[in-house]
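Commentary on secondary and tertiary structure
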Amino acid sequence: MGQHDTYDAIIAGAGHNGLTTACYLARAGLKVLVVEKNDWIGGAAVSRSLHEGWTYSNCSYVCSLLRREIVRDLELPRFGLQVIPYEGGATFTRDGDYFAYLSDHDALRREISRHSARDADAYTRFSQTVIRQCRFIRPFLLRNAPDPTSLRPRDLQEMLYLGRKAHGLGAHELNETLRFWTMSIGDFLDEHFESDLIKAHLAGSGIIGTGLGVYSPGTAYVLLHHYMGDVDGSIGAWGFARGGMGAITKALGDSFTEADGTIVTGAGVEKFLVQDGRVTGVALDNGDEYRAGIVGSNMDVKRTFLKHTDRAALPDDFVTAVERFKIRGSSGKLNIALDALPDFPAAPKGAPFLRGDLHCSTTLDELERAYDDWKDGRWSSEPYFDMLIPSQIDPTMAPPGKHMMTVFVQYAPYDLNVGGVRSADNWDDIQRKAFADAVFDKIEQCCPDIRRHVVHAEIRSPWDIENEVGLTEGNIFQGELTFDQLLFNRPVPGYASYDMPIRGMYLVGSSAHPGGGVMAAPGANAAREILRGLGRRRAMPDHREPLGAEA
Amino acid sequence: MAKSAKIPQPFAVPIGLVPTPLQPRLEALSQAKAWAGWAGYITARVLDNVEFEYFAIRNQVTLFDISPMHKYRITGPDALAVMNRLITRDAAKIGIGRVGYAMWCNEQGMVIDDGTIFRFGEADFRLCCQEPMLTWLLDSAWGFDAEIRDESEAIAGLSLQGPTAFSLLAEAGFGDAVAGLKPFDLDEVEPGIWISRTGFTGDLGYELWCGWDGVLALWDRLWAAGGNWGLRAIGGEALDIARIEAGFIAAGVDFQPVHGAIRLGRGRSPLELGFARMVDFDKGHFNGRRALLAERARGPKHHLVRLDIGGFRPADGALLYHKKKKEVGHVTSGIWSPTAKRNVALAELRAPYGGAVKGDLWAEIYVNLEGQWDKRLVPVRIEDKPFFTHKRARATPPNRF
């Protein structure tokens, strides 16, 4: 292969969205190239072995939002993807008790009653509201965001769809919807529950990956975003990809190469090449250049346009809006190899909920204080974590009898404050270790012998995530999921339809509607737009749900 | 003892469901308390959660009590001849130390049952099946020098299925004995314990056979080795999902065993069920041969097929239409496949549909949306391959997971 090969389309970045776009285009008969800066594919959906015998899901670690339509279209199970649901979870208290989120409905009601009799039935109402909101918004995931400012026929059509959907809700539910999209998760939970522990357990989904606190407006939507997925129709359920999250991108990569797609790894895009307002290809950091009239960027919108595109090629207001795009890093990650399953003294022996997501933050106040630390540029002294031991279910992740633990940590700042100076450069090994120590201290609340079992640990600050994966500031969603950056405002007003100000250039990653969470929806939607631009709209399946229909 | 009119006499036979030797273990594990009957024995439909039990089959390893299966031993100088008289395939091609899937028919060529044939020796077979078969076996063996013995309550069975099944067996001390077993191989791994690399899931898996009295100890031995391999006991519901994914048919579900069907015309031939390769017309006479020869010339009246079904709602029992108008068949087993992530089904179509006519087929699915019924016509596509296949199911020696 020469260094000036020409393709129909080039995708920059082999994350799950980039590969999804690439798959759809290749299956539509286009000659497609994917270029990836790392030596491996996957972006933030990767499985890597950093300690012999163990496999980590280094970044994203659980799966639910991946659209089933895409899984089916691209035949991912045939390429080895297996998504295994996990069972419930728990929040441990400081005094040796816990709240277990049990998968059995009646057992869950009993468990809630143990903490608050009043909250037992409240959970049913809470779920009803959340699932109803999810059902309202889910059809929008695999279609363009309706844009009220546009007069293009297809945008008008989407607005009409939204209008009719909203009208179908009725006044009361529509009010609830608007409230839900703008309120805080703390306020929402306070409306439903009285038990601090139950509220704290449920609040996590409202802040994960977000530079906001539990009482910041907009966090209720973030919770919704986490509930929008399902595993086999069980709404809100989460699972593991067998073999780690890299199994998703491996299946996508295999599906792509089977469709005659080409992947080049180990060389990232230096520059998107533009001529007369049209994209003409990419120049890689190893000096190679590839030509194509269509280029999709799986990088986030900031990285794409502020680092790898000539500013002169872009309209000023667009650049300004991109500069303002909020993509703050708020989370870190520990991936831990354990020599045995550590003991959780509070849990009954063999409790199934230990196979789920585990937490130690017990009140909303504690979570809000954790956010305060982050605002000051420090990691939370009492961090919130979402901790799982997938090797209890997935035998491929660790040697027999040994375990892999993934700990998602909130909050950790990108521009760390050391001695009053806030800078990402402050993240050195000393700070990284101190950060990990704060997390281990907190884990000891439920798992006192954790440190004794650690064989190896990968500690990832927001800076590390940016550096390795390329996510600006280490933001896991490629931009915060707040209402000012959702739907027709994502990534920036006027550019919510995946095509960018440079003709032939598309944004295919989670900076675009409907956002992150390993849904692959932006990638599929972008592919649809690209094919529409080529007059080949019918070359991929249409998943837009007709009004009044229900999948 | 003197008879007393006041003390009720016990029945001469047990009334109600009776336990297999494993009931104490299953009882202790059961949270769902979802018991059902299987050949008169207590069997678990679900032990705690069908979804997690299913995923243990495809991701870890599972134990399922198959002791209620009917088991018959066929021995004696004419044992091979009896088998060949009985089944439609050539029993001579099932080697010693091998297991073979087989069907057997009545004289009209309609399937009485299907099952597995275990060949222990030149003239030593075991037939494992769903339906009681002693009378038919004795009838088929009439005039042959062979002995038929009902081993149903002498031999117990455990099905150990899932990608870590081999690892678990190795940890339980069976590793050397089973490492070389290829699919459908059978071996006596310890005195009184036979292991076959067989199962009903399409995945890596084994069936372990021993005396009725020894199976509890065997269960405990496997259970003790299961901790590192994610061992989970399962009920029949989870297994049923796996078997449909693997494309295996079930008696009484995908076809009606002809001896049990009262209505005329309910029987189906191996050709209709898609098992023409299981009928060997060149091996000499067998039950149903003449009728099947005639059917082969004439063409089958039905086609049992595998279907990919549109949408996300399982289609169990759905009626099938051609060009959305003409009713041409129905789904016999329909599920959402949690591994293939699509709707799949086994279905019976009236010829020529499913045979010469394969296109423009639709399923009519009724969906209850919280008290409101919705009717949907979704496209269906006939598939040749099972919905689930994996190379780990065939690797020898097997993978660690």
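Keep in mind that this is a model prediction, so the values were computed, not measured. Counting restarts for each chain: residues are numbered from 1 in the order of the written sequence. Chain labels run from A onward and ligand labels from 1 onward, assigned in the order the entries are written. In keeping with the model being predicted, local features are shown solely for residues with a pLDDT of at least 70 and side-chain atom pairs are shown and tallied solely at 80 or more, while totals for entire chains, interfaces and linings include all residues.

Each helix and strand in chain B was counted, giving nine helices and 19 strands. Only the C-alpha atoms count toward the radius of gyration. The rule for a globule is 2.2 Å times the residue count to the power 0.38. Computed over C-alpha atoms, the radius of gyration of chain B comes to 22 Å, within 12% of the 21 Å expected from 2.2 N^0.38 for 401 residues, which places it in the range of a compact globule. Seen through its C-alpha atoms, chain B measures out along the principal axes to roughly 65 × 65 × 55 Å. Once C-beta atoms have been placed from the backbone, residue pairs whose C-beta atoms lie within 7 Å are recorded as contacts. Once local pairs closer than 6 in sequence are excluded, the contacts in chain B between residues at least 24 apart make up 68%. Helix and strand definitions follow DSSP, with helices as H or I runs of at least four residues and strands as E runs of at least two, each counted in order from the N terminus.

Along chain A, the regular secondary structure elements total 15 helices and 23 strands. In terms of overall size, chain A behaves like a compact globule, its C-alpha atoms giving a radius of gyration of 23 Å where 551 residues would be expected to give roughly 24 Å. Projecting the C-alpha coordinates of chain A onto the three principal axes gives extents of approximately 65 × 55 × 50 Å. Residue burial here comes from a neighbour count, namely the number of other C-beta atoms, placed from the backbone, that lie within 10 Å of the residue's own C-beta, with 20 or more meaning buried, 12 or fewer meaning exposed, and in between meaning partly exposed. The proportion of buried residues among the 551 residues of chain A is 56%. Residue pairs in contact within chain A that sit at least 24 positions apart in sequence constitute 73% of those at least 6 positions apart.

Let's shift gears to the domain arrangement of chain A. All names here are of chain A. Those domain boundaries reflect an automatic or database domain assignment. Along its sequence, chain A is organised into domain 1 (9-43 + 246-326 + 476-539), domain 2 (87-116 + 331-412 + 415-460) and domain 3 (124-230). Summarising the inter-unit geometry, the C-alpha centres of domain 1 and domain 3 are found 26 Å apart. Listed as interface residues are 20 residues of domain 1 and, on the opposing side, 18 residues of domain 3. Residue composition of the side of domain 1 that touches domain 3, by class: eleven nonpolar, seven polar and two charged. Asp, Glu, Lys and Arg are counted as charged, while Ala, Val, Leu, Ile, Met, Phe, Trp, Tyr, Cys and Pro are counted as nonpolar; the rest, among them Gly, fall into the polar class.

Our focus in this paragraph is the nonpolar core. Buried together is how nonpolar side chains tend to be arranged in soluble globular proteins. Counting 277 residues, the largest nonpolar core has A:Ile10 and A:Ile248 as the members making the most contacts within it. In contact with A:Ile10, not counting residues within four places along its chain, are A:Leu33, A:Val35, A:Gly281, A:Val282, A:Tyr290, A:Ala292 and A:Val295. A set of buried Ala, Val, Leu, Ile, Met, Phe, Trp, Tyr and Cys residues, joined through C-beta atoms within 7 Å, is what we mean by a nonpolar core.

Here we take up the domain arrangement of chain B. Residues and elements named next belong to chain B. You can read the domains of chain B as domain 1 (23-69 + 153-234), domain 2 (70-150) and domain 3 (301-393). For domain 1 and domain 2, the distance between their C-alpha centroids amounts to 25 Å. Across the contact, nine residues belong to domain 1 and nine residues belong to domain 2.

Looking now at the sheet that holds strand β11 (residues 262-265) of chain A. All names here are of chain A. Here, any two strands with at least 2 DSSP bridges between them count as paired. The five strands are arranged β11-β2-β1-β15-β23 in an open sheet whose pairing can be described as parallel. Edge positions in the sheet fall to β11 and β23 (505-507), since each has one partner strand and no second. Neighbour to neighbour, the strand axes of the sheet diverge by 20 degrees on average, direction disregarded. Axis definition: a line fitted to C-alpha atoms, limited for helices to the stretch in contact. Angles are taken between N-to-C directions and run from 0 to 180 degrees. In this fold helix α15 (residues 521-533) packs onto β1 (9-12), β15 (294-297) and β23, with an angle of close to 160 degrees to the strand it touches most, β23.

Before going further, it helps to spend a moment on the interface of chain A and chain B. The interface is formed by 20 residues belonging to chain A together with 21 residues belonging to chain B. When the residues that make up the side of chain A that touches chain B are grouped by side-chain class, the tally is eight nonpolar, five polar and seven charged.

By definition, the strands of a sheet pair up through backbone hydrogen bonds, in either a parallel or an antiparallel sense. Residues and elements named next belong to chain B. Taking strand neighbours across the sheet as the criterion, the six strands line up as β10-β11-β12-β9-β3-β13 in an open arrangement whose pairing is mixed. With partners counted over all chains shown, the strands left at the sheet margins are β10 (186-190) and β13 (231-233), one partner each. On average, each strand axis in the sheet is inclined to that of its neighbour by 25 degrees, with strand direction left out of account. Pairing analysis gives three bridges linking strand β11 (residues 193-196) to strand β12 (residues 205-211), with the strands arranged antiparallel. In the sheet register, serine 196 faces β12, and the bridge partner there is glutamate 207.

What follows concerns the pairing of strand β9 (residues 155-161) of chain B. All names here are of chain B. For β9, a buried count of seven out of seven residues is recorded, marking the element as mostly surrounded by other parts of the structure. Pairing of strand β3 (residues 61-65) with β9 involves four bridges; the strand directions are antiparallel. In the strand pairing of β9, aspartate 65 is matched with leucine 158.

All names here are of chain A. Taken as a whole, helix α3 (residues 105-115) has its buried residues at Glu111, Ile112 and His115. Take α3 and look down its axis: the buried residues cluster within an arc of 100 degrees, on one side only. Exposed side chains of α3 directed beyond 90 degrees from the buried face belong to Asp106 and Arg110. Those residues of α3 hidden inside the fold are in contact with β7 (98-101), α4 (117-137) and α7 (196-207). Relevant arc is that of directions from the helix axis to the C-beta atoms, nothing else.

Turning our attention to helix α9 (residues 246-258) of chain A. Residues and elements named next belong to chain A. For α9, with 13 residues, the first-to-last C-alpha span of 18 Å sits near the 18 Å given by 1.5 Å per residue. Most of α9 is tucked away: ten of the 13 residues are buried. For α9, the full list of buried residues reads Gly246, Ala247, Ile248, Thr249, Lys250, Ala251, Leu252, Gly253, Ser255 and Phe256. On its buried side, α9 packs onto α1 (16-27), β2 (32-36), β3 (47-51), β10 (239-241) and β11. Residue aspartate 260 follows α9 closely and has a positive phi angle near 70 degrees. Multiplying 1.5 Å by the residue count of a helix minus one yields the expected span of that helix.

Model confidence for chain B is summarised by a mean pLDDT of 96, while 98% of its residues fall at 70 or above. Listed scores for the predicted complex are pTM 0.95 and ipTM 0.94. Predictor confidence is given residue by residue as pLDDT, running from a minimum of 0 to a maximum of 100.

Attention shifts here to the environment of B:Gln31. Residue and element names in this part refer to chain B. Of note, glutamine 31 is situated in the loop between α1 (23-29) and β1 (34-38). On the basis of neighbour counts, which here come to 12 C-beta atoms within 10 Å, the residue glutamine 31 falls in the exposed class. Separated by 18 residues in the primary sequence, glutamine 31 and asparagine 49 place their C-alpha atoms 8.4 Å from one another. Once you skip the residues sitting within four places of it in the chain, glutamine 31 turns out to touch Leu47 and Asp48.

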